[in-house]
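# Structural description and commentary
Listed here are the chains, written in short residue letters.
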Amino acid sequence: MAEQTDTANGGVVQRMLSVVGVHSLVSGVWTYVDSTIKWCWIPNWLPSWCPTSQSQLHTAEDMMLRCVDSAFSRQYIPISNGNQLWTLIFSRDSVKDKTPVVLLHGFGGGVGLWAQNLDALCQRRPVFALDLLGFGRSSRPLFPSDAQEAEDQFVESIEQWRVKMGLESMILLGHNLGGYLAVSYSIKYPGRVKHILLVEPWGFPERPDTAEADRPIPVWIKALGAMFSPFNPLAGLRLVGPLGPTLVQTLRPDFKRKFSSMFSDNTVSEYIYHLNVQTPSGETAFKKMTIPYGWAKRPMLHRMDQLQPEIPITIIYGSRSSIDSNSGSTIKEMRPHSHVEIRTIRGAGHYVYADQPEDFNHQVLQVCDKVD
């Protein structure tokens, strides 16, 4: 979010309301708030509530990628409606004719989180990593409020990106939300996908009907869920304003450990902070695609029969992840005449590619070696 100077007396308060991400509530609330604070002078030199900007995100990404040794380029790829997808391009002359790997990050992620994987993966074929529409340094448009339409906008942005890049076909590797979108894209554009790698994918199973009966949800959690349901998932990080960077470091010290071979400082937590306090966009779309407690509104398992059987799938889980790996087994049962392989990486949690990068890179290269 570009830093701007508020010229109106109530500009700071209005920005604080809108940055939380409650778009549907802002206009009504602001009408009331504006009428009650006009008597109060608010200095126009007050700093931005969230200490971030696109420039700071750019710098944080540079810091994340400073240990990548391979030559690469970075550019904005224009798609429809004036939007752009921020893209890293690794394409050595010796492998430029091989099918490229396209990396799709998960919810709240960005291209910098692949820092421990890019050098290894680009040795044998071109690699493209992009910030999904609405995330990272890509454009942050308004998404439709309908779950299917929001999903379609993500998928179409990937297809428009592919056309602009001139790629005939791809190996799609998606983590978390990226895995969900990889399959959704492959259903609609099967001729463009040679292999799907799902890494700890989100959104495949249906929410169990017995969830509450088997594991009753405490009343206080239900109350909190109801109170925060109008808000975007990352609204709290924006709400704490200047305390945000410290909050990320405190709540997620594991990210520093995951990248300890590359960084000894707070490079990773700073990058994650700046990724996730920009103007909410993809985050808002993700919320529209979920039902309470993070389940997908349109579970992907319901649509696996629409995926052409010729497209092979490899699913990678971390042995220490809290993600239920039963979906992988279900996919294998649903596709008895298709190639479906399930791999588990020992000692890895949900962020497999960062927890055990060497093992992850080795296994991904093994899979990719089977593709031209």
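Values in this document were obtained by computation on a predicted structure and should not be read as measured data.

## Here's the deal with the environment of Q123
- If you trace the backbone, Q123 turns up in the loop between α4 (118-121) and β4 (127-130).
- Once residues within four sequence positions are removed from consideration, Q123 is found in contact with S70, R92 and V95.
- Within the structure, Q123 has its side chain in polar contact with the side chain of R92 (distance 3.5 Å).

## Things to note about the side chain of N117
- Relative to the elements of secondary structure, N117 occurs in the loop between β3 (101-104) and α4.
- A relative accessible area of 0% places N117 in the buried class.
- One polar contact links N117 to N361, side chain to side chain, over a distance of 2.9 Å.
- Setting aside residues up to four positions removed in sequence, N117 forms contacts with Y353, P357, F360 and N361.

## What about the side chain of H175?
- Tracing the backbone shows H175 in strand β5 (residues 170-175).
- Beyond its immediate chain neighbours, meaning those up to four positions away, H175 contacts L104, H105, G106, W114, V199, E200, H350, Y351 and Y353.

## Quick word on the pattern of salt bridges
- Across all of its chains, the model carries 15 salt bridges by this definition.
- A salt bridge links E151 to R303, with the shortest nitrogen-to-oxygen separation between them at 2.7 Å. Of this pair, E151 sits in helix α5 (residues 147-165) while R303 sits in the loop between β8 (295-296) and β9 (313-318), placing them 152 residues apart in sequence.
- Assessed through its relative accessible area of 2%, E151 is described here as buried.
- Residue R303 is classed as buried on the basis of its relative accessible area of 11%.
- Salt-bridge contacts for E283 lead to R238; the nearest nitrogen and oxygen are separated by 2.3 Å. In this pair, E283 is assigned in helix α13 (residues 282-288) and R238 in helix α9 (residues 235-239), connecting sequence segments 45 residues apart. No difference in accessibility class separates E283 from R238, as the two residues are buried.
- One continuous salt-bridge network, built from bridges that share partners, spans E61, D62, R74 and R137.

## A few points about the pairing of strand β6 (residues 193-199)
- The element β6 is largely enclosed, with a buried count of 6 among its 7 residues.
- Note that β5 and β6 share 6 bridges and pair parallel. Considered in β6, the bridge of L173 is made with L197.
- Looking at chain direction, β6 and β9 are connected through 4 bridges and run parallel. Bridging from a neighbouring strand, V199 pairs with I316 of β9.

## With respect to the pairing of strand β2 (residues 84-90)
- Of all 7 residues in β2, 6 are buried, a share of seventy percent or more.
- Direction of pairing for strand β1 (residues 73-78) relative to β2: antiparallel, over a ladder of 6 bridges. Each residue of the ladder has a partner; that of I77, found in β2, is L85.
- What sits between the antiparallel neighbours β1 and β2 is a turn of 5 residues, in which N81 has the positive phi angle 60°.
- Where β2 lies against β4, 4 bridges are found, and the strand directions are antiparallel. The partner of I89 across the bridge, within β4, is F128.

## Brief notes about the sheet that holds β1
- Across the sheet, 8 strands lie side by side as β1-β2-β4-β3-β5-β6-β9-β10; this open sheet has mixed pairing. For this open sheet the edge positions go to β1 and β10 (340-345), each flanked by a neighbour on one side alone. Pairs of neighbouring strands in the sheet enclose a mean axial angle of 20°, with direction left out of account.
- As paired elements, β3 and β4 share 4 bridges and run parallel to each other. Considered in β4, the bridge of L103 is made with A129.
- Against the sheet, helix α6 (residues 177-188) contacts β3, β5 and β6, and its axis sits at roughly 145° relative to β5.

Calculation criteria
Residues numbered from 1 in each chain as written. Predicted model: local features only at pLDDT ≥ 70, side-chain atom pairs only at ≥ 80, totals over all residues. Heavy atoms only, no water. Helix = DSSP H or I, 4+ residues; strand = E, 2+ residues; numbered from the N terminus. Contact = heavy atoms within 4.5 Å. Polar contact = N/O pair within 3.5 Å; in protein donor to acceptor, adjacent residues only side chain to side chain. Buried < 20%, exposed > 50% of the residue type's maximum accessible area, 1.4 Å probe, protein only. Salt bridge = Lys/Arg side-chain N within 4 Å of Asp/Glu carboxyl O. Pairing = 2+ DSSP bridges. Axes fitted to C-alpha atoms, helices over the stretch in contact; angles between N-to-C directions.

Honestly, that's just the spatial picture; any functional story needs more than this.
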